Amino acid sequence: MRIGHTHADVYDRESDYWQDIEDAQNAQMEAQKNSSKAATNGEQIQKINQNQITGILPQEDAK
């Protein structure tokens, strides 16, 4: 029985390491995108609710 790691073992571990980093980065970007989208949706809902409370209707932009 040989003690140590084969080149394939080391490559697999290194490959897994970089894949884990890439997965973590992708998850972080997705979370930021979802957080930003949720903030935008929340602002839109808040504006709608505020307009319903005050009875103010959004005005069209002057052209």
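Residues numbered from 1 in each chain as written. Predicted model: local features only at pLDDT ≥ 70, side-chain atom pairs only at ≥ 80, totals over all residues. Heavy atoms only, no water.

Caption draft 1: Focus on the overall build of the protein chain. If you tally the helices and strands in the protein chain, you get 1 helix and 0 strands. Out of the 63 residues in the protein chain, the part that is buried amounts to 0%. Accessible area for the protein chain stands at about 6300 Å²; split by element, carbon and sulfur atoms hold 53% of it. (Helix = DSSP H or I, 4+ residues; strand = E, 2+ residues; numbered from the N terminus. Buried < 20%, exposed > 50% of the residue type's maximum accessible area, 1.4 Å probe, protein only. Areas by Shrake-Rupley, 256 points an atom, 1.4 Å probe, with all protein chains shown as cover.)

Caption draft 2: Summary view of the pattern of salt bridges. Evaluation of the coordinates by the stated rule reveals 1 salt bridge. Measuring nitrogen to oxygen at the nearest pair gives 3.5 Å for the salt bridge that ties Glu-30 to Lys-33. With Glu-30 and Lys-33 both in helix α1 (residues 7-54), this residue pair falls 3 residues apart, about one helical turn. Since its relative accessible area comes to 38%, Glu-30 is described here as partly exposed. (Salt bridge = Lys/Arg side-chain N within 4 Å of Asp/Glu carboxyl O.)

Caption draft 3: Layout of a negative patch on the surface. Residues Asp-9, Asp-12, Asp-16, Asp-20, Glu-22 and Asp-23 make up a contiguous surface patch of negative charge. Along the chain, the position of Asp-9 falls in helix α1. (Patch = residues over 30% accessible without salt bridge, like charges linked within 9 Å, V, L, I, M, F, W, Y side chains within 5 Å. Lys, Arg positive; Asp, Glu negative; His and termini not counted. Charge placed at Lys NZ, Arg CZ, Asp CG, Glu CD.)

Caption draft 4: Seen up close, the packing of aromatic side chains. Enumeration according to the criterion identifies 1 aromatic pair in this entry. Relative to Trp-18, the ring of Tyr-17 has its centre 5.0 Å away and its plane inclined at 80 degrees; by these criteria the two rings are edge-to-face. (Phe/Tyr/Trp six-rings, centres within 6.5 Å; stacked < 30°, edge-to-face > 60°.)

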